[in-house]
Number of protein chains: 4
Amino acid sequence: MSLLADLLSTVFERRYIGLSPGDRDNRPIGELADELMGTRGEVSGLVFAQKILDRFERMADEEKLGFFRHLAVAMNIDPARVRETLEAHEQAPGKHTYREFMVAAEPRRQELIRRLNQVPGATGQLVAMRSDLLRLGRGDVELQALDVDFRHLFASWFNRGFLVLRPINWESPAHILEKIIAYEAVHAIDSWEDLRRRLRPSDRRCFGFFHPSMPDEPLIFVEVALTKGVPGSIQGLLSGTRAELASEAANTAVFYSISNCQPGLAGISFGNSLIKQVVADLSAELAGLRTFVTLSPIPGLAGWLEKTGQDHENVDAQRLRSLAAHYLLAAKRPDGAPLDPVARFHLGNGALVHAVHADADTSPKGRAQSGGAMVSYLYDLPKISQNHERFATTGQIAASQEVRSLSNAAAKIQA
Amino acid sequence: MSLLADLLSTVFERRYIGLSPGDRDNRPIGELADELMGTRGEVSGLVFAQKILDRFERMADEEKLGFFRHLAVAMNIDPARVRETLEAHEQAPGKHTYREFMVAAEPRRQELIRRLNQVPGATGQLVAMRSDLLRLGRGDVELQALDVDFRHLFASWFNRGFLVLRPINWESPAHILEKIIAYEAVHAIDSWEDLRRRLRPSDRRCFGFFHPSMPDEPLIFVEVALTKGVPGSIQGLLSGTRAELASEAANTAVFYSISNCQPGLAGISFGNSLIKQVVADLSAELAGLRTFVTLSPIPGLAGWLEKTGQDHENVDAQRLRSLAAHYLLAAKRPDGAPLDPVARFHLGNGALVHAVHADADTSPKGRAQSGGAMVSYLYDLPKISQNHERFATTGQIAASQEVRSLSNAAAKIQA
Amino acid sequence: MSLLADLLSTVFERRYIGLSPGDRDNRPIGELADELMGTRGEVSGLVFAQKILDRFERMADEEKLGFFRHLAVAMNIDPARVRETLEAHEQAPGKHTYREFMVAAEPRRQELIRRLNQVPGATGQLVAMRSDLLRLGRGDVELQALDVDFRHLFASWFNRGFLVLRPINWESPAHILEKIIAYEAVHAIDSWEDLRRRLRPSDRRCFGFFHPSMPDEPLIFVEVALTKGVPGSIQGLLSGTRAELASEAANTAVFYSISNCQPGLAGISFGNSLIKQVVADLSAELAGLRTFVTLSPIPGLAGWLEKTGQDHENVDAQRLRSLAAHYLLAAKRPDGAPLDPVARFHLGNGALVHAVHADADTSPKGRAQSGGAMVSYLYDLPKISQNHERFATTGQIAASQEVRSLSNAAAKIQA
Amino acid sequence: MSLLADLLSTVFERRYIGLSPGDRDNRPIGELADELMGTRGEVSGLVFAQKILDRFERMADEEKLGFFRHLAVAMNIDPARVRETLEAHEQAPGKHTYREFMVAAEPRRQELIRRLNQVPGATGQLVAMRSDLLRLGRGDVELQALDVDFRHLFASWFNRGFLVLRPINWESPAHILEKIIAYEAVHAIDSWEDLRRRLRPSDRRCFGFFHPSMPDEPLIFVEVALTKGVPGSIQGLLSGTRAELASEAANTAVFYSISNCQPGLAGISFGNSLIKQVVADLSAELAGLRTFVTLSPIPGLAGWLEKTGQDHENVDAQRLRSLAAHYLLAAKRPDGAPLDPVARFHLGNGALVHAVHADADTSPKGRAQSGGAMVSYLYDLPKISQNHERFATTGQIAASQEVRSLSNAAAKIQA
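Residues numbered from 1 in each chain as written. Chains lettered and ligands numbered in written order. Predicted model: local features only at pLDDT ≥ 70, side-chain atom pairs only at ≥ 80, totals over all residues. Heavy atoms only, no water.

**A word on the UniProt feature "domain: Malonyl-CoA decarboxylase N-terminal" (unreviewed entry) in chain A**
1) Next: According to UniProt, the feature "domain: Malonyl-CoA decarboxylase N-terminal" (unreviewed entry) maps to residues 77-158 of chain A in the numbering used here.
2) Next: Span residues 77-158 of chain A is 79% helix and 0% strand, its end C-alpha atoms 24 Å apart. (UniProt positions renumbered as here; feature names shortened; annotations may be inferred. Helix = DSSP H or I, 4+ residues; strand = E, 2+ residues; numbered from the N terminus.)

Structural data, given as structure tokens:
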């Protein structure tokens, strides 16, 4: 029992200690930052770090911008010093000159962020801080550079090896579950009853990645339905009146929703690892599972059809499936990548376009974005690496024979 | 319950999966490293990372050296590229040019180490890898530079904010306790019975720092005795026949042993944080505690006395205490820091020299290194920051009036 | 971690094993019961016990009645055998004759119930079985006698020493929390939002008793509000717009709702222990708490006023308080106990009638049952034992001076 | 996490509260017992119960005897009252008369013991109390009758359905493991190193039953070796130099030691359930396991050979095996049960005599009790129930063909 208890108490203790208003240090936050980086910092680091974090939380946006600018400008690299230390290292390579170079080549704000992170529980606050930075720094060249440092540190701290995969189910704590309701980004969860329908039945699963220093906050989660065969309708899948399936009787796992939870972790990718880990775990638990697919939206289909002057409102199902297949396989960005963002994600993970479904999402949003069409990407573990490599190097998109035929049919008509 | 269970299963799963001999990839490890850094790396990263880690574990030292050299040379920074990107950034500052510079200024081996760390449970293996590097790389300029990268990453990963303080007691798991026996570096633990005497009684405590990705491995631990008054003898403190004290009756907490456990984390300092955290936790638990001191060895005393031609074998207790006090306050390295390494640690933490004891460690080792003398450093929380700053900026050593007088007496005699 | 995990897996394993339809044994349940009590029972007990439990769950009420009758009649005591063994024991007192008597004096159905309970997780099913028995056995002399056996065994199994007090809060698992919503018997919980308001704020607490063999099922729970002073209105207390109080600032803990959860445990009393344990735990956690009171309904007030021909609809607040006080102190059942059931419970626990509030429950139910009046019972730990004893032996009701005066005022008017 | 934490804190809290010497109530313990059974008991029960338990722990044997006598005599059944209530019940059967009878037929000391058990953590103390009773009450008719009541209650409280099976391994808490060392009753554990050899290797397992109210105390445990084939030597099995087997490679699980831990639970049988549960759990975990056998001592062999005038010291191995087989199959007690106590246990569980080994236990104890012979009992799940029933009803002993032949050979020679 103890590691968890200790971890939680380590992370949470600060909440209950906090700084009383009397402890507040009203000096400019830049001064506090300098204290944190000075000699006293080594010993009084926690106190200064906590003061800065607490102050930041209470700041208005204008003040936050000021703080970010201080980091961006006053704690930036010094190019002259970089060159100087690089030269010294070239002339006398070795531990000492190398370290001097490394210190010079890394802006001091990175060390500041690391020191802020010494406060138990600070990691979540730093993630929120970056979320502010992304919001306030749009279009500002210096602040965007500052964000590169945050992202660099977060990529190291939120390394796959540090993440913990946790099942999320109806026995999970309510304060986690309410976040699942809040963060669901694909098919909104209306109520606790709706949540219960997605977590409690024997043919439903949900998994999330967590970081040990943010034990209350999912980073990303995926919702899974266990089915017989690949389903062709999200409303059917989520229907409250469907017959529940014993998990052992399922042969297919359907990833029907993946949601990133932390805007402050934008650009740090977890989805690929999450899906593969869940595939591995479900395979080990349920020997009957043979097929791992998604049931995914095609968010760009309607826009593309419109832009290319093709009608999608008055077409029959079969024609819509052809158009969707063609869009997924052939519509590209200027850089050659698929136009559809969801396709880019799954194909980049090494999945293949497995099936296209008409009348699959009959919600207003589904109708609007894709005429109700959806797509299943297949995660076929033995082929993932090869699919990925072809896609990454040649842009070639893996697809089932059926999808390829559908796409060809559309191409002929178009031609 | 679940976070811990999930964390453990995430960390441990790999152990049981492992790579069967048939899966082994016998290509040169450098080639595997290149695969890990290539396009397939994103998707097949875990497999390649695991192959490299498993291969490394089975390598002889000569091969390990080869691998380290590959990292040191083939994955080093390219100075020309650093200059080029720096210039581009100066001419057109912004997110893109800044990121290019950061990529160029960081050797690719850092990214390699981060990717190795994606394997669940890899962190401990990387710590062991650095331990090999420190051992094999002595005197090798390139390998020492490589170590700077390991240390840089570890400082970030083993940030105070990620560590968990755990009490270690007689209800702790045996596989943790056997490591306490193995790692105890100050006063050796002879047997499980001896361990029991240090953990079970109501007047004994032990605490360690752990990292969530190495839940079985203490990083550092401290042993504490709860007493009435400051004790003057380690043998008395550890005696199996002493009377046990109810913890509520204690007014003093004595830190009598601090042991670092991981050679691969050399240079990443935890002791300062550990002591302060334990002082804070014990204060909260036991309101009767007033004094927090160490009972520490004076490892350099005998050597210094010999070097300075002073006899310490035929002196009386009082004279030995004077000599010891003088040594602690006045004997300095060329750079002005105290000669005694234990003193450097505690004074650097902001402690003060509180008392010097003769006949305090009557073991052969104690006799040999300091004529049996020991010292108590006092952790007086309100003054720690000030003590530290004076020590850091002016080298001034904080000491009790009594110790100062003892030192002066020795100085007079010497003079 | 492991005891809980092991306990849960022990309790839950059967759920997932279950008996496949093919394993079902369709012999009359009485025959299965005899198998369970026979020689094979020792070895195949679990299988037969599980068959009986599973069969019972699938039975219609008529069949259940048949099973209960089998227990009541065929597995009853044999008076002749009781007399015979009693006589033998008197003539030759000793271990053997005593055991013979004990076996004869205990109906075999008790042993049957114990054997059913050998199945992991069976305890909850037996509690549900008794709930059926209470429902189906009303007015049936034999089945009511059978219930005496159930109750006897449950009193032993649900002994206070086996119960676990658990805080229930917003970090509790959802499948527990949904039971809190379902079981709340005093002031209904409308929604998860309403539940959140009762659990999450720093000035709210909830505690329940659990049995280790039914870890998912609260037996009884109490909801507590931390306040400054004794509150006089339940709507005020539960208002969503009230100002939240820091728990350390509270001086009063208000027990505003106590709910029994298991109809099958009727007559096994937990409330007394629960309140005292919670008083003890809250005292230890929050040193500022001085007063422990309830805010309780007066369910019998309106009925009594009506029966005694007193108007309570057109009286002012002060007059209603007098009437309520008089009702609580003076209205008695034929056996001399207070007429009000809630009063009987708290006075029997050793509490005293502390204050009477008008306009305290303005809900339709509150208006109807007591004209909106409520009462606070005070748990004054040092006096509880004495209060209880006086009440138990002489029927004397402890009350504050104020309540006594109110009651006297009403008595005068009545007279 | 919380149920375990709550359970532990509920059980342990009393330890740390305890009764200060000033709280001690020095009235005769019989008077305290009467208080506990009186009206105040309902409310002040915990206090009186705790006083009695604490007083009992400090008593000398003479006083304990006095207390037991008080229970045995003053709190015994009243035969006249039994008859009276029985008659009343016969004349007017019903809930009320039945309950009156039940109260009269159960000695009041049973209720006393139940009330003592209300104190959190008391269960372990009551088990220790019975251990005292068994020791002090030998040969005393009244105290032996009192023991029947303890045993009756314990059989209900330690019902299989309340027990928790826990693996015991090298990650178990040291305070549990030291009890394994202390309680091992078959093949003594010399040291922590010896324990480690039995717990840590991949081909070793250990499981124990625990009761939730005594979470620190194993009730019974079994040690298991995973092997290829049925081993014929305990020294070989326990050898520190044997080659470790990967658990997946094993086809046989060998139960080589079963130890009861609590003298106060004598007569409450757990072994049968434990073995079967472990067989079930191991089967589920390791699909390769085909055979579940014991490697058991034959404690009565040498005595029987001596008594029947047969030499076992100068016989060859094959002859010794014949004699052992014959002893196991043919040597009976006057009541027809097997003479050998270990055989009675395993045959009663439904096992069969599978193989007899010479030179299997070469320790002095093994040589002395059976000339070094040991026996393997086979747990063949599908046949257990049938074996048991035949054994229970006809005394017929199940054995392998080989053992039967060996026995026949001995019989011929004897004849």
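From this point, the discussion proceeds with the structure in view.
**Concerning the pairing of strand 7 (residues 352-357) of chain C**
Residues and elements named next belong to chain C.
1) Next: Of all six residues that make up strand 7, five are buried, and the element is covered over most of its length.
2) Next: Across five bridges, the pairing between strand 7 and strand 8 (residues 374-378) is antiparallel. Within strand 8, the position partnered with Ala 355 by the bridge is Ser 376. (Buried < 20%, exposed > 50% of the residue type's maximum accessible area, 1.4 Å probe, protein only. Pairing = 2+ DSSP bridges.)

**Considerations on the packing of helix 4 (residues 61-74) of chain C against helix 9 (residues 141-157) of chain C**
Residue and element names in this part refer to chain C.
1) Next: Remark: helix 4 packs on helix 9, axes separated minimally by 9 Å, with the N-to-C direction vectors making an angle of 75°. Taken as axis vectors, helix 4 and helix 9 run roughly perpendicular relative to one another. On the side of helix 4, the interface is formed by Leu 65, Phe 68, Arg 69, Leu 71, Ala 72 and Val 73, while helix 9 contributes Glu 142, Leu 143 and Leu 146.
2) Next: Partitioning the contact of helix 4 with helix 9 into residue classes produces seven nonpolar, no polar and two charged. (Axes fitted to C-alpha atoms, helices over the stretch in contact; angles between N-to-C directions. Parallel < 35°, antiparallel > 145°, perpendicular 65-115°, else oblique. Contact = heavy atoms within 4.5 Å. Nonpolar A, V, L, I, M, F, W, Y, C, P; charged D, E, K, R; others polar.)

**A short note on unusual backbone geometry**
The phi angle of most residues is negative, glycine excepted, and most peptide bonds adopt the trans form.
1) Next: We note that Asp 359 of chain A has phi near 50°; this positive angle belongs to a residue other than glycine.
2) Next: Mapped onto the secondary structure, Asp 359 of chain A falls in the loop between strand 7 (352-357) and helix 17 (364-370).

**So, the nonpolar core**
Residues and elements named next belong to chain A.
1) Next: Among the nonpolar cores identified, the biggest contains 89 residues, and Phe 154, Phe 158 and Val 353 are the most heavily contacted of them.
2) Next: Per-element accounting of this core gives the leading share, seven residues, to helix 15 (residues 317-330).
3) Next: Here this core spans two domains, and each of domain 1 (2-157) and domain 2 (163-414) adds at least three residues to it.
4) Next: If we skip the residues at most four places from it in the chain, Phe 154 touches Leu 126, Val 127, Arg 130, Asn 159, Gly 264, Leu 265 and Ile 268. (Core = buried A, V, L, I, M, F, W, Y, C linked by side-chain atoms within 4.5 Å. Domains from an automatic or database assignment.)

**Overview of the domain arrangement of chain A**
Residues and elements named next belong to chain A.
1) Next: Taken domain by domain, chain A holds domain 1 (2-157) and domain 2 (163-414).
2) Next: Across the contact, 15 residues belong to domain 1 and 13 residues belong to domain 2.
3) Next: Summed over both sides, the interface of domain 1 with domain 2 buries roughly 1100 Å², with 65% coming from carbon and sulfur.
4) Next: On the domain 1 side of the interface with domain 2, the three residues burying the most area are Thr 123, Val 127 and Arg 130, jointly 32% of the side's total.
5) Next: Inspection of the domain 1/domain 2 interface yields zero salt bridges.
6) Next: Elements supplying a minimum of two residues to the side of domain 1 that touches domain 2: helix 1 (2-17), helix 8 (122-136) and helix 9 (141-157).
7) Next: Considering each element in turn, the side of domain 1 that touches domain 2 owes the most residues, six residues, to helix 8.
8) Next: Of the residues in the side of domain 1 that touches domain 2, the class split is nine nonpolar, three polar and three charged. (Buried area = accessible area lost by both parts, 1.4 Å probe. Salt bridge = Lys/Arg side-chain N within 4 Å of Asp/Glu carboxyl O.)

**Here's the deal with the pairing of strand 8 (residues 374-378) of chain A**
All names here are of chain A.
1) Next: Of all the five residues making up strand 8, five are buried; the element is thus mostly covered by neighbouring parts of the structure.
2) Next: Bridging between strand 6 (residues 296-297) and strand 8 involves two bridges; their strand directions are antiparallel. If you follow Ser 296 over to strand 8, its bridge partner there is Val 375.

**Quick notes on the environment of Lys 412 of chain D**
Residue and element names in this part refer to chain D.
1) Next: Here Lys 412 is to be found in helix 19 (residues 401-414).
2) Next: Given the relative accessible area of 65%, Lys 412 is considered exposed.
3) Next: Lys 412 sits 213 residues away from Leu 199 along the chain, and the two C-alpha atoms are 44 Å apart.

**Digging into helix 7 (residues 108-116) of chain C**
1) Next: Most of helix 7 of chain C sits out of view: seven of its nine residues are buried.
2) Next: Looking at helix 7 of chain C, one finds that the buried residues are Arg 109, Gln 110, Leu 112, Ile 113, Arg 114, Arg 115 and Leu 116 of chain C.

**Description of the environment of Ser 283 of chain B**
Residues and elements named next belong to chain B.
1) Next: Mapped onto the fold, Ser 283 is located in helix 13 (residues 271-285).
2) Next: Assessed through its relative accessible area of 32%, Ser 283 is described here as partly exposed.
3) Next: Residues Ser 283 and Ile 113, spaced 170 residues apart in sequence, show a C-alpha to C-alpha distance of 40 Å.

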